[in-house]
Structure formats: structure tokens, C-alpha cells
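Structural description and commentary
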Amino acid sequence: MAGLSGVGVFWAFSSLLAALAGSVGFYMPFWLRGYMGETPVYFGVFRRCNYPRMNEFGSLVMVEQCGRYSTFEDIPSLSWQIATLTIGVGCGLAMLVSLVAILAVCIQGIVSPTIARVAGILQLCAGMLIGAGVGIYPNGWDSSEVQQACGYTSQPYNMGDCTLFWSFYLTAAGAAVTLIGSAMSCHASKRKFGHASYADM
């Protein structure tokens, strides 16, 4: 634990867990669950599971598999497109900070008080971006794809007959812990301002 204080070690590992939670939740499509007939349908910000498709006989059949939308424009809501961008950037920042923090657990000198504060600012930005994406996601519940699975009663911030699922909560938890980590980062370094040794200069 050469590079970080006790608080810093906790900060490093909690930051890594938060970044992983946010990234896994972001990628997985299990944010919102509805039903089409007896088949459960899941929506994420840029992926979905189980969807109707016309077969060669001209009738609709349910394709039971998960996949992302073919292009960014195919994401069925502008709100989900914005959420995809904000959460993606936020998860990237959170992962970058957490990897630097984990390296600092074993390698002395990586995280100085100044670097720790910069890391905290980046974490604050990451948590706010992820949180903003989670917050704007329900604004896209009025899209036709969601309404098909939610009883045609869903509206922005009203999920109709659908329910929130585990990926939504996992991403939200990742955002919350990332924001908490931004406060802990100020106490991560063993060195304090004004006490640098000649070896540090």
C-alpha cells in the first residue's frame, strides 16, 4: 500500500467496483422489462432483447435474442441517444481514474495530492455524466417500441405496464459510488501539501 493512505486504498477499490458496475449496467440491455404476448422484452439505452420480426409468410414472430441497434440513429429515442453518449463518456472517465488509483495502491508516487484532486474532479464529472444519462433515460419511454411492450400506456417518466430491471439500478449505483469516490479522493494520497521531501522534488 505504498502509494496511498488507508482512505486512498478504500477509494481505489470502491472506484474500480463503481466503474465496473456502471460499465456493466450500461452495456447490458436489462434496464426496462415489458412483455409482448407471453415473451418478456428488455430495453437498455442502446441494446434490447427479444423483438418482433416479419417472417417469410408475412406474419410477426418474436426473435428471442439480444443485440444492439444497427446504427446510432436506430436507437428509438433522442433521449436514449443522449444517454448513450453521456453514460459512455462517464464510464470511460470512471474507468480511467479507477485504473490509475489501483496502480497507485502498489506504486509509490503515482498519486500526489494534486493528482488526487484532479482524479476527484474527473470522478465528479464521470458520476454526473452517468447520473444524467440514468436520469434522462425515462424521458424516452414514449417511443413506439417501448409502448408496444408496456401496454401502450408508457409516457416520459411513466413506464406504463413495464418495470425497471437490474441494469438500471446497477448503473445508478455505479454513478452514486463514483460521486462518493470523488469526495474521498482528496484524502487518497499519503503526502500532504507543504511536506514534500527532497526525494519528491
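Throughout this description, residue numbers start from 1 for each chain and increase along the sequence as written. Where totals are concerned, whole chains, interfaces and linings use all residues; where local detail is concerned, this predicted model gives features only for residues with pLDDT of at least 70, and gives and counts side-chain atom pairs only at 80 or more. The side-chain numbers reported here are obtained from all heavy atoms of the structure, hydrogens and water having been left aside.

**Describing the nonpolar core**
Residues enter a nonpolar core if they are buried and are Ala, Val, Leu, Ile, Met, Phe, Trp, Tyr or Cys, with the set joined through side-chain atoms within 4.5 Å. Each residue is placed in one exposure class: buried if its accessible area under a 1.4 Å probe, protein chains only, is under 20% of its type's maximum, exposed if it is over 50%, and partly exposed if it falls in between. Ranked by size, the top nonpolar core spans 25 residues in total, and within it Leu32, Phe43, Val45, Trp80, Ile87 and Tyr137 carry the most contacts. At the level of secondary structure, the elements contributing two or more residues to this core comprise strand E1 (32-36), strand E2 (39-43), helix H2 (78-106), helix H3 (113-136), helix H4 (144-149) and helix H5 (166-184). Considering every element that reaches this core, the biggest residue donor is H2, with four residues. It only takes one pair of heavy atoms within 4.5 Å for two residues to be counted as in contact. In this structure, tyrosine 137 is in contact with Trp31, Leu32, Phe43, Gly44, Val45, Trp80 and Phe168, ignoring residues within four places of it in sequence. Note on conventions: DSSP H or I runs of at least 4 residues are helices, E runs of at least 2 residues are strands, and numbering of each starts at the N terminus.

**Digging into the sheet that holds strand E4 (residues 60-68)**
Two strands are counted as paired when DSSP detects at least two bridges linking them. Across the sheet, five strands lie side by side as E4-E3-E2-E1-E5; this open sheet has antiparallel pairing. Lying at the two open borders of the sheet, with one neighbouring strand each, are E4 and strand E5 (163-164). Both strand E3 (residues 47-54) and E4 contribute to a ladder of seven bridges, which runs antiparallel. Directly across from tyrosine 51, in E4, lies its bridge partner valine 63.

**Re the state of the cysteines**
Here a disulfide denotes one covalent bond, and it connects the sulfur atoms of two cysteines. The rule for a disulfide is simple: a pair of cysteine sulfur atoms within 2.5 Å. A full pass over the atoms with the stated rule returns two disulfides. Note that cysteine 49 is cross-linked by a disulfide to cysteine 66, the S-S spacing being 1.7 Å. For the disulfide bridge between cysteine 49 and cysteine 66, the dihedral angle about the S-S bond is near 105°, and by the sign convention the bridge is right-handed. Of this pair, cysteine 49 sits in strand E3 while cysteine 66 sits in strand E4, and the two are 17 residues apart along the sequence. Taking relative accessible area as the criterion, cysteine 66 reaches 40% and is therefore assigned partly exposed.

**Some points on the packing of H3 against H5**
Where H3 meets H5, the closest approach of the two axes is 8 Å, and the angle between their N-to-C directions is 155°. The pairing of H3 with H5 is recorded here as roughly antiparallel in orientation. H3 and H5 meet at a crossing whose hand is left-handed. Counted together, Gly120, Gln123, Leu124, Ala126, Gly127, Met128, Ile130, Gly131 and Val134 of H3 and Phe168, Thr171, Ala172, Ala175, Thr178, Leu179, Gly181 and Ser182 of H5 form the full contact between these two elements. Residues were grouped as follows: Ala, Val, Leu, Ile, Met, Phe, Trp, Tyr, Cys and Pro as nonpolar; Asp, Glu, Lys and Arg as charged; and all remaining residues, including Gly, as polar. Residues of the contact of H3 with H5, tallied by class, amount to nine nonpolar, eight polar and no charged. Axis definition: a line fitted to C-alpha atoms, over the contacting stretch in the case of helices. Angles run 0 to 180 degrees between N-to-C directions. With respect to orientation, any angle under 35 degrees is reported as roughly parallel, any angle over 145 as roughly antiparallel, any angle of 65 to 115 as roughly perpendicular, and every other angle as oblique. Note on convention: near helix rotated counterclockwise from far helix by under a right angle means a left-handed crossing. Clockwise means right-handed.

**Brief notes about the pairing of E1**
Side chains Leu32, Gly34 and Met36 of E1 all project onto a buried face; the interleaved residues Arg33 and Tyr35 project onto a face where none is buried. Note that E1 and E2 share five bridges and pair antiparallel. Opposite arginine 33, over in E2, you have tyrosine 42 as the bridge partner. The pairing of E1 with E5 spans two bridges and is antiparallel. Counted as the bridge partner of arginine 33 is threonine 163 from E5.

**Quick look at the confidence of the model for the chain**
Residue-level confidence of the predictor is what pLDDT reports, using numbers from 0 through 100. Confidence in the prediction for the chain averages 90 pLDDT; 93% of positions are at 70 or higher. Mean pLDDT values over the elements of the chain span from 88, in E4, up to 97, in E5. Within the model, the stretch residues 193-201 combines pLDDT values under 50 with four contacts to residues more than four positions away or in other chains.

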